[in-house]
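# Geometric and topological summary
Residue-level listing of the chains:
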Amino acid sequence: MLLLCLLLLSSFLVGVFLWAVCQHFLTADIPSTLQHPIKLRFLHCMFLYMVILAEIFEKLGICSKLRFLQLLQNGVRVKRDARLVVTDLYLGTTPVRLFQPKAASSGLRRGIIFFPGGGGFLGSLGPPCSWALRPRTLGPAPLAHAVDPGSPSSPLPLPPLRPPPTWWRHLGSTSPGRPLGAKAPLMLGGVRPEPGPGAPMVLGTCPLFLAALCSLLPAWPPFGSSRRPPRQLSLGLPLFLKCPPVRVAPHSYHNLCSQLAVETDSVLLLIGYRKLPDHHYPCIFQDCLNTSILFLKGLKTYGVDPSRVVICGDSLGGGNVACVIQHLVGRSDLPRIRAQVLIYPITQVINLQLPSQQQNRNVPFLSQKIMMICMLKYLVVNFHWWDTILSGAFIPPDIWRKYSKWLSSDNIPKSFRKPGYQPEFHGPFNEAAYLENKHLFDITNAPLLGDDEVIAQLPEAFLVSCENDVLRDDTLLYMKRLKDQGVPVMWYHVEDGFHGSLIFFDKKFFFFPCALKIVNAVISYITSI
């Protein structure tokens, strides 16, 4: 019987993989300018394979598709760099990861705030299950710190690790105070309770399959535990708390941030915003904005020069960089941001008929279909409006006349438009679609539409675009918008680049030269300011 089950399971997995391969060759478009096309095809087949498995598990009621893909992200291997102290913290209620160079510095260091991409469901520090695993400091520092901006440090020793409790070895058992699966009490301010003395140990001491299982379960807190909200200073600044009981999953951007922190000799803060499927618009923007404000108010605590702070992000994170910086304009109580770095950002969700949207609609890894799914899910848009939004029929004529000077494909240089390109705005105007989806025109979703007075006050920008990216023209439109208002802009265009290539810069066998080009360009720019 066991042999038969294994045979059926193997046949099922092979069948799914063959279907993924067929789907790749039927739908994917691999441009001739891309290097290592075979490598890219293999990775895309594996990506489709995992997506199909996730969809099957969701239909069978095993787990949601997004949670399964998040579980796969949690398996990304994190490299430890001996030159850095890496610490998991909370700023307010948002988990962050702080990268600090160990080497002594003669003065205050440059600061980098990094917003990761990931389509709203990948790339963040917030895991599907906050209590299953207990984080540890990835650097050598063995102490948790509650740091007051008035005093350099006040060490609080980590509680000792305990053996796995009985309920961890026998998942069917319960613990005192609450039966297995019972709902946790609501906590003040939305802060999740901490694990108690019987919380599971770190990932390295637990069976991997149990970790995987817990990642698929709802985000229950530990049984019978409680947690105080982070303490506040008298002047209103939060204490920067390393929270040992809060699990921070391995992160696909960890290695990239380590590289940036080391090569630019900067203190880097990686933001762990809330994400799908539990959180929707506008939580990502709110988390990025609030965490940035809190960090900017305590820069000297971590030896950061207030006059040299850079905000950086890619994809969705790049779009949030543009939004956050616009909202920080005119804040006299905060240091002025020195520069913004936007790596293939999404700067509008209105005109989805730009040349790059048509030319690269089937290029891995961000096809137009995947982009639409992520966008509609995060922005809570009914999938009934898919074709209406994609075609632009939800845009009122008067609003299009007002914003076409910034959104129109006429702003894209002719060299980026293939012969025969024609905008496809299908009418007539659908008023119901507009009324239900007005929030697509908000500045938090379309920083391209910011007021001229605000845009003119933005700090200098470094923009990165990839030729084979469905979002390429978003970068070009935003670059023109900044230049028209006199904002200094440096632009780096990668002819053989594709969306998502940045995270492959250190993946050895899966390395792509375009990824290293982007990383080197960003490092070169940051070190020059």
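Please read all numbers here as calculations on a predicted model, not as lab measurements.

### Details of the overall build of the chain
Counting secondary structure elements, the chain contains 16 helices and eleven strands. Classification of the 529 residues of the chain by burial places 55% in the buried group. Considering only intrachain contacts with a sequence separation of at least 6, the fraction spanning at least 24 residues in the chain is 80%.

### Digging into the pairing of strand β7 (residues 266-271)
Regular strands show a simple pattern: their side chains alternate between the two faces of the sheet. Counting buried positions along β7 yields six of six residues, so the element is predominantly enclosed. Neither face of β7 is exposed, since S266, L268 and L270 on one face and V267, L269 and I271 on the opposite face are all buried. Both strand β2 (residues 94-101) and β7 contribute to a ladder of four bridges, which runs antiparallel. Across the sheet, F99 pairs through a bridge with L268, a residue of β7. Here strand β3 (residues 109-115) runs beside β7; their pairing, made up of five bridges, is parallel. What sits directly across from I113, in β7, is L269.

### Points about the packing of aromatic side chains
How two aromatic rings sit relative to each other is set out by the distance from centre to centre and by the angle between their planes. Evaluated as defined, the whole model comprises 19 aromatic pairs. Taking the centre distance of 5.9 Å and the plane angle of 35° together, the rings of F383 and W386 count as tilted. Looking at F383, the relative accessible area reads 38%, which means it is partly exposed. Through a chain of ring-to-ring contacts, the aromatic side chains of F47, F365, F498, F504 and F512 assemble into a single cluster. Of note, K39 hangs over the ring of F512, and the distance from its end group to the ring centre comes to 5.5 Å.

### Quick word on the environment of E263
Along the chain, the position of E263 falls in helix α6 (residues 254-264). The exposure class of E263 is partly exposed, given its relative accessible area of 40%. Along the backbone, E263 and I523 are 260 residues apart, and their C-alpha atoms lie at a distance of 6.8 Å. Not counting residues within four places of it along the chain, the set of residues in contact with E263 comprises I523 and T527.

### A few points about the packing of helix α7 (residues 283-297) against helix α8 (residues 316-328)
Packing of α7 against α8 leaves a shortest axis separation of 10 Å and a crossing angle of 55°. Between α7 and α8, the interaxial angle falls into the category oblique. Relative to α8, the crossing made by α7 is right-handed. In contact with I284, F285, C288, L289, S292, I293 and L296 of α7, α8 contributes L316, N320, C323, V324, H327 and L328.

Parameters and conventions
- Residues numbered from 1 in each chain as written.
- Predicted model: local features only at pLDDT ≥ 70, side-chain atom pairs only at ≥ 80, totals over all residues.
- Heavy atoms only, no water.
- Helix = DSSP H or I, 4+ residues; strand = E, 2+ residues; numbered from the N terminus.
- Buried < 20%, exposed > 50% of the residue type's maximum accessible area, 1.4 Å probe, protein only.
- Contact = heavy atoms within 4.5 Å.
- Pairing = 2+ DSSP bridges.
- Phe/Tyr/Trp six-rings, centres within 6.5 Å; stacked < 30°, edge-to-face > 60°.
- Lys NZ or Arg CZ within 6 Å of the ring centre and 35° of its normal.
- Axes fitted to C-alpha atoms, helices over the stretch in contact; angles between N-to-C directions.
- Parallel < 35°, antiparallel > 145°, perpendicular 65-115°, else oblique.
- Left-handed = near helix turned anticlockwise from the far one by under 90°.

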